[in-house]
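Commentary on secondary and tertiary structure
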Amino acid sequence: MIQVKLPDNSIKEFENPLTILDVAKSISPSLAKATIAGKIDEDLKDVSYLIKNNCTLRLITEKDDEVLDIIRHSAAHLMAQAVKQLYPKAQVTIGPVIENGFYYDFSYERAFTPEDLVLIEKRMQDIVKSNIIVERKELSRKDAIEYFESIGEKYKVEIISAIPEDQTLSLYTQDDFTDLCRGPHVPSTSKLKAFKLTRLAGAYWRGDSNNEMLQRIYGTAWRTKEELDNYLNMLEEAKRRDHRLIGKNLDLFHQQDEAPGMIFWHPKGWAIWQEIEQLIRREIALDGYNEVKTPQIVDKSLWEKSGHWEMFGEGMFTTHSENRDYAIKPMNCPCHILIFNQGLKSYRDLPIRFSEFGSCHRNEPSGSLHGIMRVRNFTQDDGHIFCTEEQMQDEAAKFIDLVFRIYAKFGFTNVAVKLSTRPDKRVGDDSLWDNAEIALAKALEGKSLKYILQPGEGAFYGPKIEFALKDCLGREWQCGTLQLDFNMPGRLGATYVAEDGSKKTPVMLHRAVFGSLERFIGVLIEHYAGNLPLWLAPTQVAILNISEKQASYAFSVYNSLKNNGFRCELDLSNEKVGYKIREKTLQKIPYLIIIGDKEVENNTITLRRRDGEDMGQVMLNQLQELLGNELVN
RNA sequence: GCCGGUGUAGCUCAGUAGGUAGAGCAGCUGACUUGUAAUCAGAAGGUCGAGGGUUCAAUUCCUUUCGCCGGCACCA
């Protein structure tokens, strides 16, 4: 007798082993039809899975969240089947599920084209219509290798060879297509109702740039057409929010061929920058930082001592003068140590906190550049804290508070925290790394912060905590960082005199709230879709007259606001007010002031908000109060 | 850096089986003096990313190169 416990805690008893589908059938035919997989105890299984022992079972239908991964994985197989039918010479490699979809990498004699994509998707639809049964079978390694060798799929053979000997291998077959896969999968292709192939790309075999480049096709798949449409709309929305587009339309900055990866900030973009920079200045002053400024170009020997030359020499811009070689600084930390090294430091001086809006250059690979998010010249809101080992945990904790405090001022409250530990390529011995990693973990645990561990992702000189903020579309942007460094101060000869009179090497914390100001502004633009809050808006108020008659009154309103520190512009152009409103609204200016004969007569202005709300007539002093109240930062 | 795509007026884009290009908007000039998301008219605006080749002739074909876009790889 087999007992199967269902989610409502009822127990069904069966005489003989039976499949998950049989259990579903025993409940109702409609449920059997809707069942896509089953969860036996904690494992997802195909509906064909044979239940032999007592277990708990939850039937997975379209309504369950678990079904998404199954659908996406099956969609990847479906795509591979379509590709093999259309292009028999293509070899399949891997096809995993990713966020929102799936991809499959193929080895093929030529690149796929957008036209191919249309054909492939069409063929996928045909296979769905034919309602092909998806069957699972298990094979020994030897048989599996033999099978894939017989059909000429050498990548699959390579994959199987890398799978541990003791693991059972399962194959999934749908009509003429068989793939190696752990599963589970949908029972038949008709379960795949909402998918779309989204893009083509090159991708290295096994993710290694030394390997052959494969043809990757990305797709997305969902439970329903509606979910698919929602996702596609989200992609469209992301396009509309693209900082490169908004940056151009709002005249914030530009980039051009002569300076790839560099930014030309226009007055409006720079106004945003300055607001942010000043805010950080105010906030870190509260936390005891002292701002410094260090040279842009420093002798190569410093970078050799710091270890950067060996590690990142390729990525540094260099120059020379009178037989000396220099590097344009890619980081500020060595220079901050040089400031620390001036004069004798006592333990009583610690912690010392230096901050710098440091303009750094890194010769990033051309293919990695992206708008203002990934550039070759960026400005770190950098800071280095020199302290004793006893102080470092408090300093780490203090910085964590600072990060959350500043993010909140920009409306970011959803922050992911990650701890990255020692990478393969690193400096310093393991005992130093042990201490550093433990200290960071303790600082996080002291704040009861949940964090994600990222083994091997640390910097070459120390482990780090990363702060990634989530924007309104749920996208994650890594910004803040806190890195503990037991190596560089020693390499560059930093010391302080301890209580016992001995010379000791301080611990250094590298830290940045935004990492790159350029990138952060890009994130802000996309998060707000250009509708920046009043305090950040490059132009806060635009004053529009109805006709020439009110020009001088409008000008006096403009002057009054300007003299009170508001960023405003006056539009006396010879256009209809509807035209001016449209123009200024497209510029995403938070407030529009409209001035006609009525306003002149009553000594008022009429206020219209960016979202279109007409706020009626207000007195000028009321306006300043209203705007002032909104500028809480 | 790698794979693929792409580069035409300030912007968004059309176009040429090879015969040196066209629209809308913006800008300019003029008229209109305007009440909450585009008033009308006129004139003007381009080494078709850059270099080389084929050709009587190249923006178009070939080639090199640069930038940009989508991924991959990288990211102190």
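First, a word on scope: everything that follows refers to the structure included in this document. As the structure is a prediction and not an experimental result, all values here were calculated from the model.

**Side note on the overall build of chain A**
Each helix and strand counted, chain A has 20 helices and 35 strands in total. The dimensions of chain A, computed from C-alpha atoms along their principal axes, are 85 × 80 × 55 Å. Within the span of chain A, comprising 633 residues, buried residues form 51% of the whole. Across chain A, every contact between residues at least 6 apart in sequence was considered, and the portion connecting residues at least 24 apart equals 68%. Put simply, chain A shows about 30400 Å² of open surface, and 48% of that area lies on carbon and sulfur atoms. Positive and negative charge centroids in chain A, built from 80 and 92 side chains respectively, lie 2 Å apart.

**Quick look at empty space enclosed by the protein**
Evaluated as defined, the whole model comprises four cavities of 30 Å³ or more. Roughly 110 Å³ of internal volume is contained in the largest cavity. Forming the boundary of the largest cavity are 14 residues, of which Leu 250, Pro 538, Thr 539, Gln 587 and Lys 588 lie nearest the centre. Looking at the lining of the largest cavity, its residues break down into eight nonpolar, three polar and three charged.

**Remarks on the nonpolar core**
Within the largest apolar cluster, 61 residues are counted, with the highest numbers of intra-cluster contacts made by Ile 276, Tyr 407, Phe 410, Phe 467 and Phe 514. The leading source of residues in this core is helix H13 (residues 392–409), at eight residues. Filtering out sequence-adjacent residues up to four positions away, Ile 276 remains in contact with Phe 410, Phe 514, Leu 517, Phe 520, Ile 521, Leu 524 and Leu 536. Among the nonpolar cores identified, the runner-up in size contains 34 residues, and Ala 76, Ala 90, Phe 106 and Phe 177 belong to it.

**Section: the layout of surface pockets**
Looking at the largest pocket, its volume works out to about 1200 Å³. In terms of lining residues, the largest pocket is bounded by 40 residues, among which Arg 362, Glu 364, Phe 378, Gln 380 and Lys 464 are the most central. Elements with a contribution of two residues or more to the lining of the largest pocket: helix H11 (308–312), strand E23 (377–387), strand E26 (464–470), strand E27 (476–485) and strand E30 (507–512). By volume, the second largest pocket amounts to about 1000 Å³. Lining the second largest pocket we find 30 residues, and of these Arg 199, Tyr 231, Met 234, Leu 235 and Arg 475 sit closest to its centre. Going through the elements one at a time, strand E10 (101–107), strand E14 (194–204), strand E15 (213–222), helix H7 (225–240), helix H8 (243–249) and E27 are the ones with two or more residues in the lining of the second largest pocket. With seven residues, the top contributor of residues to the lining of the second largest pocket is H7. When the residues that make up the lining of the second largest pocket are grouped by side-chain class, the tally is 11 nonpolar, eight polar and 11 charged.

**A short note on the packing of aromatic side chains**
Counted by the stated rule, this structure contains 26 aromatic pairs. With centroids separated by 6.2 Å and ring planes inclined at 90°, the aromatic side chains of Phe 404 and Phe 467 adopt a geometry described as edge-to-face. A residue pair is termed long-range when its members are at least 10 positions apart, and Phe 404 in helix H13 and Phe 467 in strand E26 qualify at 63 residues. A residue is classified by how much of its surface remains accessible, and Phe 404, at 26% relative accessible area, is partly exposed. Looking at Phe 467, the relative accessible area reads 0%, which means it is buried. Ring centres of Phe 410 and Trp 535 lie 5.1 Å apart, and the angle between their planes is 50°; on these two criteria the pair is classed as tilted. One end of the pair, Phe 410, is in the loop between H13 and strand E24 (415–420); the other, Trp 535, is in the loop between helix H16 (517–528) and strand E31 (541–545), with 125 residues separating them in the sequence. Accessibility assignment for this pair places Phe 410 and Trp 535 in one class, buried. An aromatic cluster is present here, built from Tyr 407, Phe 410, Phe 412, Phe 514, Phe 520 and Trp 535 joined pairwise through their rings. The ring of Trp 222 carries the charged tip of Arg 72 above its face, separated from the ring centre by 4.4 Å. Between the NZ or CZ atom of Arg 216 and the centre of the ring of Tyr 103, over which it lies, the distance is 3.6 Å.

Definitions and cut-offs
Residues numbered from 1 in each chain as written. Chains lettered and ligands numbered in written order. Predicted model: local features only at pLDDT ≥ 70, side-chain atom pairs only at ≥ 80, totals over all residues. Heavy atoms only, no water. Helix = DSSP H or I, 4+ residues; strand = E, 2+ residues; numbered from the N terminus. Buried < 20%, exposed > 50% of the residue type's maximum accessible area, 1.4 Å probe, protein only. Contact = heavy atoms within 4.5 Å. Areas by Shrake-Rupley, 256 points an atom, 1.4 Å probe, with all protein chains shown as cover. Lys, Arg positive; Asp, Glu negative; His and termini not counted. Charge placed at Lys NZ, Arg CZ, Asp CG, Glu CD. 1 Å grid on protein atoms, 1.4 Å probe; cavity = no way out; pocket = protein on both sides within 12 Å on 5 of 7 lines; lining within 4 Å. Points joined across faces, edges and corners; volume = space filled by probe spheres on them. Nonpolar A, V, L, I, M, F, W, Y, C, P; charged D, E, K, R; others polar. Core = buried A, V, L, I, M, F, W, Y, C linked by side-chain atoms within 4.5 Å. Phe/Tyr/Trp six-rings, centres within 6.5 Å; stacked < 30°, edge-to-face > 60°. Lys NZ or Arg CZ within 6 Å of the ring centre and 35° of its normal.

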